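Spelled out from the first residue to the last, the chains are:
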Amino acid sequence: MIGFLVALISGALMSVQGVWNTKVTEETSLWTANAFVQFTAFLVCILAWLIKDRTPLTNLMNVEPKYMLLGGVLGAFITLTVIVSMDSLGPAKAVMLIVISQLIVAYLIELFGLFGVDKQPFQWRKAIGAVVAIIGFVLFKWE
């Protein structure tokens, strides 16, 4: 149950953050806003690490494969693409497409066992669920 609630909070926070970041971009620029978002996130993470964790940073060298350390790079492009999509589509349409994309890519990662995730068998109900989500977007977008 906790995972369900945290996922709902995550989705809500991502939507609010996307709108806020888009508004910051209107007064600055795309890369200025993105840099500010990443920098403030860095500060919060350092503060939390100092207060709560203190796991040695050298443990990062134990991560294998090394490309897994590029999550922050992806984060910068996630922020960028959310800002651009919300600006051009509006928050609701952008978030719907983002979630549909996340759903499909996550299912493909499971299906093919990518990035060390346990491979899962194909299930029609999951494929149909993705198609239903796409149909939902088309109905939502329909004017």
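Overview of the structure. Treat the numbers as computed from the prediction; the structure is a model and nothing was measured. (Residues numbered from 1 in each chain as written. Predicted model: local features only at pLDDT ≥ 70, side-chain atom pairs only at ≥ 80, totals over all residues. Heavy atoms only, no water.)

1. Overview of the overall build of the protein chain
- In terms of regular secondary structure, the protein chain is built from 5 helices and 0 strands.
- Reading the protein chain from its N terminus to its C terminus gives the helix and strand order α-α-α-α-α.
- With the C-alpha coordinates of the protein chain rotated into their principal frame, the extents come out at 50 × 45 × 30 Å.
- Counting only residues that meet the buried cut, the protein chain has 16% of its 143 residues in that class.
- In the protein chain, the share of contacts with a sequence separation of at least 24, taken over all contacts with a separation of at least 6, comes to 57%.
- Summed over its atoms, the accessible surface of the protein chain is roughly 10,700 Å², and 75% of this surface lies on carbon and sulfur atoms.
- Considering the protein chain, the positive charge centre built from 9 side chains and the negative charge centre built from 8 side chains are found 7 Å apart. (Helix = DSSP H or I, 4+ residues; strand = E, 2+ residues; numbered from the N terminus. Buried < 20%, exposed > 50% of the residue type's maximum accessible area, 1.4 Å probe, protein only. Contact = heavy atoms within 4.5 Å. Areas by Shrake-Rupley, 256 points an atom, 1.4 Å probe, with all protein chains shown as cover. Lys, Arg positive; Asp, Glu negative; His and termini not counted. Charge placed at Lys NZ, Arg CZ, Asp CG, Glu CD.)

2. Re the pattern of salt bridges
- Under the definition given, this model contains 3 salt bridges.
- Put simply, Lys23 and Glu26 hold a salt bridge, and the shortest N to O gap is 3.8 Å. Of this pair, Lys23 and Glu26 both sit in helix H1 (residues 2-27), 3 residues apart, roughly one helical turn.
- Here Glu64 ties to Lys66 by a salt bridge, and the two come within 3.4 Å at their closest N and O atoms.
- Accessibility expressed as a relative area gives 58% for Glu64, which makes it exposed.
- On the basis of relative accessible area, Lys66 is assigned to the partly exposed category, the value being 38%. (Salt bridge = Lys/Arg side-chain N within 4 Å of Asp/Glu carboxyl O.)

3. A look at the environment of Tyr107
- Mapped onto the elements, Tyr107 comes out in helix H4 (residues 91-112).
- As for Tyr107 and Val63, which are separated by 44 residues in sequence, their C-alpha atoms are 24 Å apart.
- Contacts of Tyr107, omitting those with residues within four sequence positions, involve Pro121, Phe122, Gln123 and Lys126.

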